[in-house]
Amino acid sequence: MSGFFDYVRAEGLLHGRMEWLVGAIELAATLIDLVAISVLLVGAIRFVIGYLKAEFGPGEDQRKRGLNAERVELGRYILAGLEILIVSDIITTAVSLAMADLVFLGILVVIRSVTSFFLERELETVRRELGAVEETGEGRT
C-alpha cells in the first residue's frame, strides 16, 4: 500500500530522453540558490557595518535613526533573497517527479510568503518612523 507522498509521476520526455537537460536545470537551480545566499550574505555584512557605524556614532537619536535605516536595508536584502529562493524552489519542483517535492514546495512557498508579508509590514512601520523623525527634525544637531 502506497501513500499520497509516495506518488511519483510517470517519466516523461524530459526525464526519459533528455536527462542531460534535467541535470542542467538542476544546476541552474543550484546556481540561483547560491545567488540568493550571496544576496543574504551581502545584506548581513552591510547590516553589521552599518550597525557598528550607527552604534558608535555621536548622539542617541542618530544611533536610533541609523539602526532603523540599517534594519530597513537588511529587510530589503532578506526579501530579495527569499524571492530568489522561491524561484529556485519552483524550478527544482518543476523537474521533480515526486509528489513529496511538490508538497514540500508548497510548504516552503507558504512559509517564505508569510515571512515576506510580515517582514514587509515591519519595514513599513520602521520607514514611517524614520520619515516622522526626519519631518519633525528630531535628533538634528
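Residues numbered from 1 in each chain as written. Predicted model: local features only at pLDDT ≥ 70, side-chain atom pairs only at ≥ 80, totals over all residues. Heavy atoms only, no water.

> Just to check I follow, could you spell out the nonpolar core for this structure?
Nonpolar side chains tend to gather and get buried jointly when the protein is soluble and globular. Residues V72, L79, L119, L123, V126 and L130 constitute the largest nonpolar core, which totals 6 residues. Secondary structure elements with two or more residues in this core: α3 (60–95) and α4 (99–136). Broken down by element, this core gets its largest block of residues, 4 residues, from α4. Sequence-distant contacts of L130, defined by excluding residues within four places in its chain, comprise R65, N68, A69 and V72. (Core = buried A, V, L, I, M, F, W, Y, C linked by side-chain atoms within 4.5 Å. Buried < 20%, exposed > 50% of the residue type's maximum accessible area, 1.4 Å probe, protein only. Helix = DSSP H or I, 4+ residues; strand = E, 2+ residues; numbered from the N terminus. Contact = heavy atoms within 4.5 Å.)

> What am I meant to see in the UniProt feature "transmembrane region" (unreviewed entry) in the chain here?
Under the local residue numbering, the UniProt record ascribes the feature "transmembrane region" (unreviewed entry) to residues 20–53, 74–96 and 102–119. Between the C-alpha atoms that bound residues 74–96 the distance is 33 Å, and the span itself is 96% helix and 0% strand. When the span residues 102–119 is considered, its composition is 100% helix and 0% strand, and the gap between its end C-alpha atoms is 25 Å. (UniProt positions renumbered as here; feature names shortened; annotations may be inferred.)

> Any chance you could explain the pattern of salt bridges here in plain terms?
Pairing between side chains of opposite charge can happen when their charged atoms approach one another. Evaluated as defined, the whole model comprises 7 salt bridges. A salt bridge links E60 to R63, with the shortest nitrogen-to-oxygen separation between them at 2.5 Å. Linking E60 with R63, this pair stays in helix α3, spanning 3 residues, or about one helical turn. According to the relative accessible area criterion, E60 is partly exposed, its value standing at 43%. (Salt bridge = Lys/Arg side-chain N within 4 Å of Asp/Glu carboxyl O.)

> What is the right way to read the environment of G23 from this model?
Along the chain, the position of G23 falls in helix α2 (residues 19–55). Relative accessible area serves as the criterion here: at 34%, G23 is assigned to the partly exposed category. In the structure, G23 is positioned 72 residues away from V95 in sequence and 9.4 Å away in space, judged by C-alpha atoms.

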